[in-house]
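Chain by chain, the residues:
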Amino acid sequence: MSGKLFLILGPSGSGKGTVIAHLREAFPDAVFPISCTTRTPRQGEKEGDVYHFITKEEFKSRIERGEFLEWAIVHSDNYYGTLKAPIVQALEAGKTVIREVDMQGVQSIRKILPPEQVVSIFITARSWENLKERIVKRATISEEELAHRKASFEREMEFSKECDYVVFSEDGKIPEANEEVERIIRQEII
Ligand code: 5GP
């Protein structure tokens, strides 16, 4: 029997983090594999929770050792990579695996794993104005960074057409978005 890998993606500020926190509770038997990143931990982030925080040198030697299922440079400077061993082992054991990746991650994984084993769920806001409001509320951000996020949003919305599911996370309707993603996964793993 083989399990399924659910890839959660979407623009920053779209509510992915909240959805994943909900899925951890809703699917206690699912595997939430840890990825590697070269970015520095943010306040409150613990090593080994969502990421292994490693140096670029270590990341590159892990690439050479073939440890990643996929890896990508995200936002033009940091490396991110999903580890092959824990994901492949979990899928072979028939487990449900849930991981947030960027769109490059989805594209790479689709070339490696059989299509029936990979489900992509794109989470987004209704419009750029809507997303911008949330981003600005969350942290101080420069005009330049905002322009960069807008360009990424447009690229990602284009990519959403290639995803298996698109879920709109509307302001004030977080529980609805969480439940919709949960429903999609339940229906996929029957
Ligand atoms: P953050 O640094 O905010 O946690 O994540 C930044 C971006 O990196 C997000 O778009 C996230 O989806 C992506 N990301 C996180 N882990 C991985 C991974 O293992 N592989 C890829 N390709 N992207 C990832």
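Before any of the text, the structure's been laid out above.
Computed from a predicted model, the values in this text were never measured in an experiment. (Residues numbered from 1 in each chain as written. Predicted model: local features only at pLDDT ≥ 70, side-chain atom pairs only at ≥ 80, totals over all residues. Heavy atoms only, no water.)

Novice: Requested: an account of the side chain of Lys 4, with residues and values cited.
Specialist: Following the sequence through the fold, Lys 4 ends up in strand E1 (residues 4-9). For Lys 4, the contacting residues outside a window of four places in its chain are Leu 91, Lys 95, Thr 96, Val 97, Glu 116, Gln 117, Val 119 and Glu 188. (Helix = DSSP H or I, 4+ residues; strand = E, 2+ residues; numbered from the N terminus. Contact = heavy atoms within 4.5 Å.)

Novice: Outline the packing of aromatic side chains, listing residues and values.
Specialist: Tallied over the full model, the rule gives seven aromatic pairs. Seen in terms of ring centroids, Phe 59 and Tyr 79 are 5.2 Å apart; in terms of plane orientation they differ by 55 degrees. Their pairing is tilted. A residue pair is termed long-range when its members are at least 10 positions apart, and Phe 59 in helix H2 (residues 56-64) and Tyr 79 in strand E5 (residues 78-83) qualify at 20 residues. Judged by centre distance (5.8 Å) and plane angle (45 degrees), the ring pair of Trp 128 and Phe 153 falls under tilted. Residue Trp 128 is located in helix H5 (residues 128-138), and its partner Phe 153 is located in helix H6 (residues 143-160); the two are separated by 25 residues in the primary sequence. Three or more aromatic residues joined by ring pairs make a cluster, and in this case those are Phe 59, Phe 68, Trp 71 and Tyr 79. (Phe/Tyr/Trp six-rings, centres within 6.5 Å; stacked < 30°, edge-to-face > 60°.)

Novice: So, the environment of Gln 89: which residues are in play, and what are the values?
Specialist: Mapped onto the secondary structure, Gln 89 falls in helix H3 (residues 84-92). Sequence spacing of Gln 89 and Cys 36 is 53 residues, and the spatial spacing of their C-alpha atoms is 17 Å.

Novice: Account for the site of the ligand, with residues named and values stated.
Specialist: In the neighbourhood of the ligand, 16 residues make up the surrounding shell, with Ser 35, Arg 39, Tyr 51, Glu 70 and Tyr 80 lying closest. A distance of 2.8 Å separates an oxygen atom of the ligand from a polar side-chain atom of Arg 42. Protein burial of the ligand: of its 520 Å² of free accessible surface, 91% is covered by the chains. By residue class, the composition of the shell around the ligand is five nonpolar, four polar and seven charged. (Near = heavy atom within 4 Å. Polar contact = N/O pair within 3.5 Å; in protein donor to acceptor, adjacent residues only side chain to side chain. Areas by Shrake-Rupley, 256 points an atom, 1.4 Å probe, with all protein chains shown as cover. Nonpolar A, V, L, I, M, F, W, Y, C, P; charged D, E, K, R; others polar.)

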